[in-house]
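# Residue-level structure breakdown
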Amino acid sequence: MLHATKVKVLVLTLLLSTAATAGAQEPVYKKMTPEQMEGLMQGMGLTYKKITGMNPGTFYYDFNRNNKVLRLHFFNGQDIMLDALYDRQPLEMLNKWNTRAKFSRACLHKDNKGEFVALESNLDIIGGVTDSTVRNFFNTFYQEITAFEKHLGGSSTPTPMPMPMPMPMPMPQVGGDDTIFKNVPPERLEKVMGALNIMYKKSPLKGGGFFYDFDYKGSKMRVYNWNGNDLMIDAVFKTTTLDKVNQYNLQRKFIRTVLYADGGNQYTSLEANIDCAGGISENMIRHFIVTFDEEVRAFAKFLGN
Amino acid sequence: MNRRHVRQGVVLAVLVALIGVGVSGVAASAAQDAGDQVYRNVPSDRLEGILRGMNIVFTKVPGKMEGVNFYDFDRGGFKIRLHNYNGKDLWIDALFNDRTTLEKINGWNRRAKFSRAVLISSGGKETISLESQMDCLGGVTDNIIRQFINRFDGEIRDFVKYHSN
């Protein structure tokens, strides 16, 4: 009986560890560099102001979220802390929070300007973290802030901190959506084109999917949607030489130029493709169409049109 | 085996199945969320993390210009170079020394979707570059970058088959 029980426990343990191993896809860090941390924050779309601490390896990153200034404390890559500051509150209220909260604590601090409350949360890196761990740490803290402010009764506002200077970073697309999907149904592509005020003529593709002919800023283009798996965009020009198309392909990125001779009709095609299988968003599709317009103009100039 | 043992066995099997589904579901969800987070610049650390996660052993070579790095690695028996231009765009290529013609190069470009072939003439020597680029400014995710690298494997295989025919 005891032997059977031991076997069951062993099987369970093996199965659980196999499942856990199979699920683990990301590298684990036991120490982070500031660059890794900054990369993660940039990946989360955070614009921060970096301040060097007095101790070596200590940095502070101030950033805005929902009109609240948060600070990430980076302690030599070994642990990090997030905090948000509030006006002074009674200790009983802070203690009540601390008895129920799981992932944060509220503390009363004092500096030369007076007393203030900090909602804080820490993450130990030395035991090992992944990118997902750090992202989840941020997301959990945002939830803690929401719950803490509800706990305060909404009567408190964050202690004002100097607004961080925006870092020079690529700005996200205005409007649109960063939600990732792995297939582009026709309606989705048509929604993006509609938002760009593109009036298109839709036709079916042999083998499935559709293509869309339209004028965009004076250039005739065609977008192909092959069953939502990948998109292509092209523009047609007069024929040229193989040397010229090769020369252009050497000079440019993101496109290719190709000579076609179909049934006596010779022409040059400027083309770009996007693979949707890894994921795509409406913003990416928009960017794909808008930047192709620039490619068309550049190629027209190259051909001397 | 008596009825008690059979019942215990069934209960255990059900528990194991439920735990397995639960753990894999949570892990898959977490992995999908992490891999689908959109960013518009690819820092070196991030790209290197993705390569390591794909078990790609690379040699990092800094470019002449600041912010440009190259990653050389072997994949499927071919030498590949992945370029990172200040995190704004990625480029992947494989070079071939086979004799070719511009007609053959153009023939590939007619049929290819996710790459292009370019003939590079330098110092009397001709090299075919099979290459693909990805603009990151519109947004990328870890999964998109992995797909970009994996897709290029297929492009190489198809190009080698095409060019040898």
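Residues numbered from 1 in each chain as written. Chains lettered and ligands numbered in written order. Predicted model: local features only at pLDDT ≥ 70, side-chain atom pairs only at ≥ 80, totals over all residues.

Looking only at helices and strands, chain B features four helices and six strands. Seen in sequence order, chain B has helices and strands lined up from the N terminus as α-α-β-β-β-β-α-β-β-α. Every one of the 165 residues in chain B was classed for burial, and the buried ones make up 30%. Restricting the contact set of chain B to residue pairs at least 6 apart, pairs at least 24 apart contribute 56%. (Helix = DSSP H or I, 4+ residues; strand = E, 2+ residues; numbered from the N terminus. Buried ≥ 20, exposed ≤ 12 C-beta atoms within 10 Å, placed from the backbone. Contact = placed C-beta atoms within 7 Å.)

Residues and elements named next belong to chain A. A positive phi is found at N197, a non-glycine position, where the angle reads about 60°. Here N197 lies in the loop between α5 (186-195) and β7 (200-204). Located in the positive-phi region is F254, a residue other than glycine, with phi close to 75°. Considering the arrangement of structural elements, one finds F254 in the loop between α6 (242-251) and β11 (256-262). What makes F254 partly exposed here is the crowd of 19 C-beta atoms within 10 Å.

All names here are of chain B. Tracing the backbone through its elements, the reader meets I92 in strand β4 (residues 89-96). Considering only alpha carbons, one finds I92 and E131, 39 residues apart in sequence, at a separation of 5.6 Å. What I92 contacts, discounting residues up to four positions off in sequence, is I80, L82, E131, S132, F148, I149 and F152.

Okay, the confidence of the model for chain B next. Within chain B, residue pLDDT values average 88, and 80% of them lie at 70 or more. Across the interface, the model reports ipTM at 0.77; the global pTM reads 0.58. (pLDDT = per-residue confidence, 0-100.)

All names here are of chain B. One open sheet holds the six strands; their spatial order is β1-β2-β3-β4-β6-β5, and the pairing between them is antiparallel. Because the sheet does not close on itself, it has two edges, and the strands there are β1 (59-62) and β5 (116-122). Averaged over all pairs of adjacent strands, the angle between their axes in this sheet comes to 30°, without regard to strand direction. As defined by bridge partners, β1 adjoins strand β2 (residues 68-75) across four bridges and the pair is classed as antiparallel. The partner of K60 across the bridge, within β2, is Y71. (Pairing = 2+ DSSP bridges. Axes fitted to C-alpha atoms, helices over the stretch in contact; angles between N-to-C directions.)

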